[in-house]
Amino acid sequence: MSTRFITFEGGEGAGKSTQLRLLAERLELRGVRAIATREPGGPPAAEFLRGVLLDGTQDFAPLTEMMLHFAARAEHVTRTIQPALAAGAWVLSDRFFDSTEAYQVYGQGGDPASYAALKTLISPHPDLTLMLVVSPEVAAAREAARGRAADRYDRMGEDFRRRVTEGFLAIAAANPARCVVVNGDGGAEDVAARIFDVVAARFL
Ligand code: TMP
């Protein structure tokens with residue numbers, strides 16, 4: 001049976017969480033059963049690792065940090081994603097392995113070969129990845145409006161953010177069959193309509 005595993009990727013303030021929710025609502029109206037999940041996170045042990053990664057109390061060596069993201073991901077695919085797909089549901093994930101490549105490899109200078117090796121351990125890979133790209137001004141305004149506490153990665157500065165965004169665009173260019181870059185500037189409903197068109201053209 002063909003699966004529908006869709007990931008949302010992008011930097012802080014790109015609108016991933018909002019767009020994931022709006023896509024789930026539109027799919028529900030079509031009678032599609034979709035589960036919404038996120039990384040790092042999902043099942044309890046992966047949410048525990050999210051706390052470890054984001055609370056900022058530890059300074060990890062680059063390989064440790066990358067492996068912790070993959071450890072959380074192993075929990076997520078085994079306990080959440082694989083069972084949902086096997087039961088016939090669609091899976092919508094707020095971030096997946098492209099975030100590790102963008103943040104840990106492009107952003108933090110982690111080893112690409114280690115990333116590639118860890119990626120071979122993870123299954124399934126997404127059927128479609130929506131890369132949300134917004135202008136830095138829009139991202140900053142959305143982050144400010146959200147008013148949540150900054151996590152470790154939020155505090156890594158402007159150059160880091162720029163490298164992450166360049167990373168996502170490079171990943172999209174290298175994986176044209178899987179990745180679609182979506183302009184996330186503008187109203188949420190407009191962006192949601194663009195995303196639904198992409199999804200409907202592929203899967204409905
Ligand atoms: P967010 O999903 O609420 O944006 O927070 C997750 C943070 O973790 C975000 O700053 C991106 C970062 N992250 C990584 O650095 N590597 C990863 O593999 C994942 C999934 C997230």
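What counts as what
- Residues numbered from 1 in each chain as written.
- Predicted model: local features only at pLDDT ≥ 70, side-chain atom pairs only at ≥ 80, totals over all residues.
- Heavy atoms only, no water.
- Helix = DSSP H or I, 4+ residues; strand = E, 2+ residues; numbered from the N terminus.
- Contact = heavy atoms within 4.5 Å.
- Polar contact = N/O pair within 3.5 Å; in protein donor to acceptor, adjacent residues only side chain to side chain.
- Pairing = 2+ DSSP bridges.
- Axes fitted to C-alpha atoms, helices over the stretch in contact; angles between N-to-C directions.
- Buried < 20%, exposed > 50% of the residue type's maximum accessible area, 1.4 Å probe, protein only.
- Near = heavy atom within 4 Å.

Explain the environment of glutamate 143 to me, please; I cannot follow it from the model alone.
Relative to the elements of secondary structure, glutamate 143 occurs in helix α6 (residues 136-146). Spatially, the C-alpha atom of glutamate 143 lies 24 Å from that of glutamate 65, the residues being 78 residues apart in sequence. Other than its neighbours up to four places away in sequence, glutamate 143 contacts Glu12, Gly13, Arg148 and Asp154. A distance of 2.6 Å separates the side chain of glutamate 143 from the side chain of arginine 146, its partner in a polar contact.

Got a minute to help me understand the sheet that holds strand β2 (residues 34-38) in this structure?
The pairing of strands in a sheet comes from backbone hydrogen bonds and takes either a parallel or an antiparallel form. Taken together, five strands build an open sheet; the order of strands is β2-β3-β1-β4-β5 and the sheet is parallel. Each edge of the sheet is formed by a strand with only one pairing partner; in this case those strands are β2 and β5 (179-183). Taken over all neighbouring pairs, the strand axes of this sheet differ in orientation by 20° on average, direction set aside. Across five bridges, strand β4 (residues 128-133) lies against β5 in parallel orientation. Paired with leucine 132 across the two strands is valine 182, which belongs to β5. Together, β1 (5-9), β2, β3 (90-94) and β4 form the strand contacts of helix α1 (residues 16-29), whose direction differs from that of β3 by roughly 165°.

Would you mind showing me how to read the side chain of aspartate 94 here?
Topologically, aspartate 94 is positioned in strand β3. Looking at aspartate 94, the relative accessible area reads 12%, which means it is buried. A polar contact of 2.8 Å, which involves the side chain of aspartate 94, links it to the side chain of serine 17. Excluding anything up to four places from it in sequence, aspartate 94 contacts Phe8, Lys16, Ser17, Leu20, Thr37, Arg38 and Glu39.

Before we go on, may I ask you to explain the site of the ligand in this structure?
Not every one of the 15 residues close to the ligand is listed here, only the nearest: Glu12, Arg50, Arg95, Thr100 and Gln104. Between the ligand and glutamate 12 there is a distance of 2.9 Å, counted from an oxygen atom to a side-chain nitrogen or oxygen. Between arginine 95 and the ligand, the recorded distance is 3.1 Å, taken from a side-chain N or O atom to an oxygen atom. Elements represented by at least two residues in the shell around the ligand include exactly α2 (44-54), α3 (62-86) and α4 (97-107). Sort the elements by how many residues they give to the shell around the ligand and α4 lands first, with four residues.

Explain the pairing of β3 here, please?
Note on strand geometry: in a regular strand, side chains alternate between the two faces of the sheet. For β3, the buried fraction is high: five of the five residues fall into the buried class. Burial along β3 is two-sided: the face carrying Trp90, Leu92 and Asp94 and the face carrying Val91 and Ser93 are both buried. The pairing of β1 with β3 spans four bridges and is classified as parallel. Bridging from a neighbouring strand, phenylalanine 5 pairs with valine 91 of β3. Bridge count between β2 and β3: five bridges; the pairing is parallel. Paired with alanine 34 across the two strands is tryptophan 90, which belongs to β3.

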